[in-house]
Amino acid sequence: MKKIFDNLLIEKFNIDNQTLHIKLEKEVKFDALYWSENALTPSVKIQSKNYQLDGRNLMIDLKDDKLTPYIRYYLVASQNGLPLRFYDETYSEQPRLHRYYDLGKTQTNTSLHKIVYLNDYGNIGMKFVPQVILDTYDRHLPINVELADLATQMSAIVANLSLDWNPDRLSLLENIKPMLIRLNSLTDEKIEATDFSVKFDANEAEITAKFDGLAGLKINEDYAFGLEVMSEKQSYQLLATRTSLKLFQKFNPFYKGINIVPSNFIDFTFTTNAAVTLQHKRLLESKEESPTLENFFERKQFLTASEKTQLKESYKELENTWIAQAAYHNFLTKEENND
C-alpha cells in the first residue's frame, strides 16, 4: 500500500531568537519545505533562502508574512511527492506549558503573537494568535478562572470572579488585573475594570470588578471576562472559561438581556470555552423598557423541582466539557457539590 506520509524523527530541537534549529535522527534530503494546514499538502512554501539543511541539521528562519492568523500550520517536508512530517517521540515527557513557545508579536500585526509549538502528537506547528488564546487554551496552565456572579449597578456591570491554581506547579503573585477581552479579533482589544478588589487566601483569590462605559463595546462583537495574572517569571492572560452553578441558575431559562446602555442592551451567552460572552446589541424597533438584571429575576424567584433538575443537568453538560479541557480539575465548590 502506498504511504500517505512518513515521519522525520527529531532527536532534538530548539529556538534561538527567530530561528528554529532541528537535529534529525538520520540524514535526509527533501525537495521542498512548507507550512501545511492539514499536515499533508502545502499551504505556505518556505523559500529555500529561509532554511538551511546540512546532513541531520536543519535551520529555519521563521518568516511570518504569509501565514493567516488563527490558523494552525504544521511543518512538513516533501520528498518525491511524499509528505514528511517532523516527529518528536519525546513530546509526552513535557507538559504543554513547556511545549508552546511565544516568540513575541508578529511583524505584520503587533496584536498577535507568533507561537511555535510541539502538539499532542509530536508534530511541530506554528500559528498567530492573541496571547489570551495561547494562555487560556494552549498552554494548559494549572489555573481555573470562574465567573461566579453578575449584577448591574446603574449603567455598569459588576462581575465576581474566582481564581484558584495548583501551587505545586505554578507560583502566582498577588498581582491581578480584571478585564473584558474582545474575542475572534485581530486587534488586542481589552477593557480594564474601572474599579476592582481582590482577596487572597492561599492558592485562591476572589475578585470583584466593576465595568463602566459599556456603550463603547462594538456592536455585535463578542467579549468575555478575563484576568491578567503574574508569576515570578511572566504574566498570563486568561479568560474565565467556566461559570458557577449559582450564576447558571440565575440566568436560565428566563434571561433575555439587560438594558444598561441607553437605547441598547447587553446580551449574554453561556459557552463551553469562554464561560459567558457579552454582546452589545442595538434595539432598532422595540422601544419597550428592558428590565435591569436584579428586577428581572424578581419576577420569578423560585424554580420548580423539575426546572431545578433540568438546569443542573444542563450545567453538568457544560461542566464536563470544562473538565475535559482543563489542566487543573478543582471544579465544584463544597456549596455547589452539596446542593
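Because the structure is a prediction, the values reported are computed rather than measured.

K.L.:
Even after reading the chapter, I still don't get the pattern of salt bridges, so can you show me in this structure?
P.N.:
Pairs can form between side chains of opposite charge whenever their charged atoms are close. In the structure shown here, the tally under the stated rule is 18 salt bridges. The partner of K177 in a salt bridge is E228, with the nearest N and O atoms 3.8 Å apart. Here the residue K177 occupies a position in strand β14 (residues 172–182), and E228 occupies one in strand β18 (residues 222–231), the gap between them amounting to 51 residues. By relative accessible area, which is 31% here, K177 ends up partly exposed. Assessed through its relative accessible area of 19%, E228 is described here as buried. Note that D188 and K190 form a salt bridge whose closest N and O atoms lie 2.2 Å from each other.

K.L.:
Help me understand the pairing of β14 in this model?
P.N.:
Moving residue by residue along a regular strand, the side chains alternate between the two faces of the sheet. Both β14 and β18 contribute to a ladder of 8 bridges, which runs antiparallel. Considered in β18, the bridge of P178 is made with L227. With 3 bridges joining them, β14 and strand β15 (residues 190–192) adopt antiparallel strand pairing. Directly across from I181, in β15, lies its bridge partner K190.

K.L.:
Would you take a moment to explain helix α4 (residues 305–325) for this structure?
P.N.:
In an α-helix, one full turn covers 3.6 residues, which means residues spaced three or four apart are oriented alike. In a regular helix each residue adds 1.5 Å, so 21 residues correspond to 30 Å; α4 covers 31 Å between its end C-alpha atoms and thus fits that length. E307, L311, Y315, L318, E319 and W322 are the residues of α4 that are buried. Buried residues along α4 cover an arc of 105° about the axis, so they all sit on one side. Structural note: α4 exposes A305, S306, Q310, E317 and A324 on the side pointing more than 90 degrees away from its buried face.

K.L.:
Hey, could you run me through the nonpolar core in this one?
P.N.:
Where a protein is soluble and globular, its nonpolar side chains tend to be buried together. Counting residues in each nonpolar core, the largest one holds 38 residues, and the members touching the most others are I143, L147, L150, L163, F225 and V229. Per-element tally for this core: the top contributor is strand β13 (residues 156–165), with 5 residues. Setting aside its immediate chain neighbours within four residues, L163 contacts I143, N144, V145, L172, I176, N203, E204, A205, I207, L227 and V229. Counting residues in each nonpolar core, the second largest holds 30 residues, with L20, A77, L118 and M126 among its members.

K.L.:
Looking at this structure, I do not really get the sheet that holds strand β16 (residues 195–201). What am I missing?
P.N.:
Sheet strands line up and pair through hydrogen bonds in the backbone, either parallel or antiparallel. Ordered by their spatial adjacency, 5 strands build an open sheet running β16-β17-β13-β12-β20, and the pairing between neighbours is mixed. Of all strands in the sheet, those bounded by a partner on one side alone are β16 and β20 (242–243). Across 8 bridges, β13 lies against strand β17 (residues 204–211) in antiparallel orientation. Counterpart to L161 in the pairing with β17 is I207.

K.L.:
Explain the pairing of strand β2 (residues 19–24) to me, please; I cannot follow it from the model alone.
P.N.:
Side chains L20, I22 and L24 of β2 all project onto a buried face; the interleaved residues T19, H21 and K23 project onto a face where none is buried. When strand β1 (residues 6–16) meets β2, the two strands line up antiparallel, connected through 6 bridges. Paired with I10 across the strands is L24, a residue of β2. Counting the residues that bridge the hairpin from β1 to β2 gives 2 residues, and of these N17 lies at a positive phi of roughly 60°. Looking at chain direction, β2 and strand β6 (residues 57–61) are connected through 5 bridges and run antiparallel. Looking at the pairing, K23 lines up with N57 of β6.

K.L.:
Explanation requested: the side chain of D149 in the structure shown.
P.N.:
For D149, the location among the structural elements is in strand β12 (residues 143–153). Here D149 falls in the buried class, since its relative accessible area comes to 12%. Sequence-distant contacts of D149, defined by excluding residues within four places in its chain, comprise V158, A159, N160, K246, L247 and K250.

K.L.:
Please explain the side chain of S231 as it appears in this structure.
P.N.:
Relative to the assigned elements, S231 resides in strand β18. Here S231 falls in the buried class, since its relative accessible area comes to 6%. A distance of 3.2 Å separates the side chain of S231 from the backbone nitrogen of K233, its partner in a polar contact. Leaving out residues up to four positions away in the same chain, S231 has contacts with L170, S171, L172, L173 and Y236.

K.L.:
Honestly, helix α1 (residues 131–138) in this entry has me stumped. Any pointers?
P.N.:
The element α1 is largely enclosed, with a buried count of 7 among its 8 residues. The complete set of buried residues in α1 reads Q131, V132, I133, L134, D135, T136 and D138. Phi for H140, located one or two positions after α1, is positive at around 55°.

The rules behind these values
Every chain's residues receive numbers from 1 upward, in the order its sequence appears when written. Totals for whole chains, interfaces and linings use all residues, but because this is a predicted model, local features are given only for residues with pLDDT of at least 70 and pairs of side-chain atoms are given and counted only at 80 or more. Side-chain figures throughout are based on the complete set of non-hydrogen atoms in the structure, without hydrogens or water. Salt bridges, as used here, are contacts in which a Lys or Arg side-chain nitrogen is within 4 Å of a carboxyl oxygen on Asp or Glu. Secondary structure elements follow DSSP: runs of H or I of four or more residues count as helices, runs of E of two or more count as strands, with numbering from the N terminus. Throughout, exposure labels follow a simple rule: accessible area from a 1.4 Å probe, protein chains only, divided by the maximum for the residue type, with under 20% read as buried, over 50% as exposed, and the rest as partly exposed. Here a strand pair is declared whenever DSSP counts at least two bridges between the two strands. Take the residue count of a helix, subtract one, and multiply by 1.5 Å to get its expected span. Note that the arc is defined by the directions from the helix axis to the C-beta atoms. We define the nonpolar core as a collection of buried residues of types Ala, Val, Leu, Ile, Met, Phe, Trp, Tyr and Cys that are connected through side-chain atoms lying within 4.5 Å of one another. By definition in these notes, contact holds between two residues if any of their heavy atoms fall within 4.5 Å. In protein, a polar contact means a hydrogen-donor-capable atom and an acceptor-capable atom, both N or O and within 3.5 Å, with residues adjacent in sequence counting only if both atoms are side-chain atoms; elsewhere, any N or O pair within 3.5 Å suffices.

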